[in-house]
Number of protein chains: 2
Amino acid sequence: MLRFSKKSDYGLIALKHIASQGEDNVVNAREISEKYNLPPDLLAKILQSLSKSGIIKSQFGSGGGYRMAKKPSEVTLKEIVQSIDGPVHLVGCSREDTDCSIEPQCTIKQMLLNVEQKLEAFFSTITLKDI
Amino acid sequence: MLRFSKKSDYGLIALKHIASQGEDNVVNAREISEKYNLPPDLLAKILQSLSKSGIIKSQFGSGGGYRMAKKPSEVTLKEIVQSIDGPVHLVGCSREDTDCSIEPQCTIKQMLLNVEQKLEAFFSTITLKDI
DNA sequence: TTTTAATCGGACTATATTAGTCTTAGAACT
DNA sequence: AGTTCTAAGACTAATATAGTCCGATTAAAA
Ligand code: SF4
Ligand code: SF4
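Residues numbered from 1 in each chain as written. Chains lettered and ligands numbered in written order. Predicted model: local features only at pLDDT ≥ 70, side-chain atom pairs only at ≥ 80, totals over all residues. Heavy atoms only, no water.

K.L.:
Help me understand the overall build of chain A, please; the structure alone is not making it clear to me.
P.N.:
Tallying secondary structure elements over chain A gives five helices and two strands in all. Ordering the α and β elements of chain A from the N terminus gives α-α-α-β-β-α-α. Structurally, chain A occupies a C-alpha span of about 60 × 30 × 25 Å along its principal axes. Sorting the 131 residues of chain A into buried and exposed places 44% on the buried side. Within chain A, contacts between residues at least 6 apart in sequence are counted, and of these 62% link residues at least 24 apart. Carbon and sulfur atoms make up 46% of the accessible area of chain A, which amounts to about 6,800 Å² in all. The distance from the centre of the 17 positive side-chain charges to the centre of the 16 negative ones in chain A is 4 Å. (Helix = DSSP H or I, 4+ residues; strand = E, 2+ residues; numbered from the N terminus. Buried < 20%, exposed > 50% of the residue type's maximum accessible area, 1.4 Å probe, protein only. Contact = heavy atoms within 4.5 Å. Areas by Shrake-Rupley, 256 points an atom, 1.4 Å probe, with all protein chains shown as cover. Lys, Arg positive; Asp, Glu negative; His and termini not counted. Charge placed at Lys NZ, Arg CZ, Asp CG, Glu CD.)

K.L.:
Sorry if this is basic, but what is going on with the protein's contact with DNA strand D here?
P.N.:
Around DNA strand D there are 27 residues in total, and A:A29, A:K45, A:S58, A:Y66 and B:K6 lie nearest to it. A share of 67% of the atoms of DNA strand D within 4 Å of the protein falls on sugar and phosphate groups. The separation between a phosphate oxygen of DNA strand D and a polar side-chain atom of B:Y10 is 3.4 Å. The set of elements that each furnish at least two residues to the surface near DNA strand D consists of α2 (29–36), α3 (40–52), β1 (56–59) and β2 (65–68) of chain A together with α1 (6–20) and α3 (40–52) of chain B. Here the residues of the surface near DNA strand D sort into eight nonpolar, twelve polar and seven charged. (Near = heavy atom within 4 Å. Polar contact = N/O pair within 3.5 Å; in protein donor to acceptor, adjacent residues only side chain to side chain. Nonpolar A, V, L, I, M, F, W, Y, C, P; charged D, E, K, R; others polar.)

K.L.:
I tried to follow the environment of A:N114 on my own but got confused; where do I start?
P.N.:
All names here are of chain A. Within the fold, N114 resides in helix α5 (residues 109–124). For N114, a relative accessible area of 39% translates into the label partly exposed. The sequence separation of N114 and S53 amounts to 61 residues, and the corresponding C-alpha distance is 26 Å.

K.L.:
Looking at this model, I keep getting lost on the site of ligand 1. Mind explaining?
P.N.:
Lining the immediate surroundings of ligand 1 are A:G92, A:C93, A:C100, A:I102, A:E103, A:C106, A:I108, A:K109, A:L112, B:D9 and B:I13. Chains contributing residues to the immediate surroundings of ligand 1 are chains A and B. Looking at the shell around ligand 1, the elements that each hand over two or more residues are α5 of chain A together with α1 of chain B. Its residues placed into classes, the shell around ligand 1 shows seven nonpolar, one polar and three charged.

K.L.:
It is not clear to me how the relation of the copies chain B and chain A should be interpreted in this structure. Could you clarify?
P.N.:
The two chain copies are related to each other by a rotation about an axis together with a translation along it. The transform that puts chain B on chain A rotates by 180° and translates by 0.0 Å along the axis, for an RMSD of 0.0 Å. Both copies of the chain, as the preceding transformation shows, are related through a two-fold rotation axis. Closest approach to the rotation axis within chain B is made by the C-alpha atom of B:L2, at a distance of 3.0 Å. Comparing interface residues between copies, 100% of those in chain B also lie at the interface in chain A; the contact surface is shared. (Least-squares fit on C-alpha atoms with pLDDT ≥ 70 in both.)

K.L.:
Sorry if this is basic, but what is going on with the protein's contact with DNA strand C here?
P.N.:
Residues in close proximity to DNA strand C total 26 residues, the closest being A:K6, B:A29, B:K45, B:S58 and B:Y66. Backbone sugar and phosphate groups make up 66% of those atoms of DNA strand C lying within 4 Å of the protein. Here a phosphate oxygen of DNA strand C and a side-chain polar atom of A:R3 are 3.4 Å apart. B:A29 is positioned with one of its backbone polar atoms (N or O) 2.9 Å from a phosphate oxygen of DNA strand C.

K.L.:
Got a minute to help me understand the packing of aromatic side chains in this structure?
P.N.:
Remark: the centre distance and the inter-plane angle together describe each pair of aromatic rings, the angle taken between the planes. If you walk through the whole model with that rule in mind, you get four aromatic pairs over all chains. Centroid distance B:F4 to B:F123: 5.7 Å. Interplanar angle 50°. Geometry classified as tilted. Of this pair, B:F4 sits in the segment before α1 while B:F123 sits in helix α5 (residues 109–124), and the two are 119 residues apart along the sequence. B:F4 gets classed as buried once you look at its relative accessible area, which sits at 5%. Exposure remark for B:F123: the relative accessible area of 2% places this residue in the buried category. Counting every residue linked through ring pairs, the aromatic cluster contains A:F4, A:F122 and A:F123. (Phe/Tyr/Trp six-rings, centres within 6.5 Å; stacked < 30°, edge-to-face > 60°.)

K.L.:
Is there a simple way to think about the nonpolar core in this case?
P.N.:
Soluble globular proteins: nonpolar side chains tend toward being buried together. By size, the foremost hydrophobic cluster in this structure holds 81 residues, and its most contacted members are A:L47, A:L50, A:I56, A:I80, B:L47, B:L50 and B:I56. Setting aside residues no more than four positions away along its own chain, B:I56 makes contact with B:L15, B:I18, B:L47, B:L50, B:S51, B:Y66, B:R67, B:M68 and B:A69. (Core = buried A, V, L, I, M, F, W, Y, C linked by side-chain atoms within 4.5 Å.)

K.L.:
In this structure, what is going on with the site of ligand 2? I would like to understand it.
P.N.:
Surrounding ligand 2, one finds A:D9, A:I13, B:G92, B:C93, B:C100, B:I102, B:E103, B:C106, B:I108, B:K109 and B:L112. At the site occupied by ligand 2, nearby residues are drawn from chains A and B. When contributions to the shell around ligand 2 are tallied by element, the ones reaching two or more residues are α1 (6–20) of chain A together with α5 of chain B. For the shell around ligand 2, the residue count by class is seven nonpolar, one polar and three charged.

As structure tokens, then:
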């Protein structure tokens, strides 16, 4: 059906919130989950992903939380979705791990890889600032 | 992970084949499934979808099969994917049937609908001829 | 007219992915 | 030391995709 996962959806909401709090203000996961009514544990996971990929910085301990690690104008939609859900791959054959059994006879692979590339380029033009 | 379904994938392969056979030559499902090593019953379902949405025409009975109902240059990628997998909806809230519980607090809906629209426009620029 | 080769449609099962929960550990602040 | 937060991984539940099966229908061919 070609849709973003809920995780990406939630991640975008959270990121927008964190970005809106300014550079040095930390926000904790519970706060966000309450404000937008998101599953707390799931949101925690999502923020961890975003932290690991360097989009946000985490601060441990009491009074800790998250803040932006980059400027909103430098965080792309592609980057966000990718760090939460993994790489955008329209077809199986563009992933290393999966080998498509019909690849030898496939007549559309090249074309789909091309579409995929354009799609990624499009998502790269959208930044958190636009959101 | 944002990918096309295998059904769409198979559908594209089949369509390309049908289109390559010219306007009046019918091709049956078994033939295609054998040539590209696709699950026969699944492919049959896919071709039925494409037929119902008017991309291909079916011919019943012995010696029957499918042929194009439109010119390849008039069949868009959006149309194909849509008839096989249903509408492209990046987020739940753009579907009538699903009501998102956090919609009242949602700060990103408008923006995502916009992205979705641009995505559909992009898929509409690609036709079977390009494939 | 009978047989045969095809599509149609729906119900069904199996598999894979996504969504969500829980639990334990570790870090920093008070 | 106690509290409040993130980190990480294992686990379960829900949903979507993938694939199968079967009876009905159609029309060409024998
Ligand atoms: S069928 Fe072709 S396009 Fe699809 S996954 Fe296999 S090789 Fe890639
Ligand atoms: S969270 Fe917002 S964008 Fe996502 S489905 Fe709900 S309303 Fe739409």
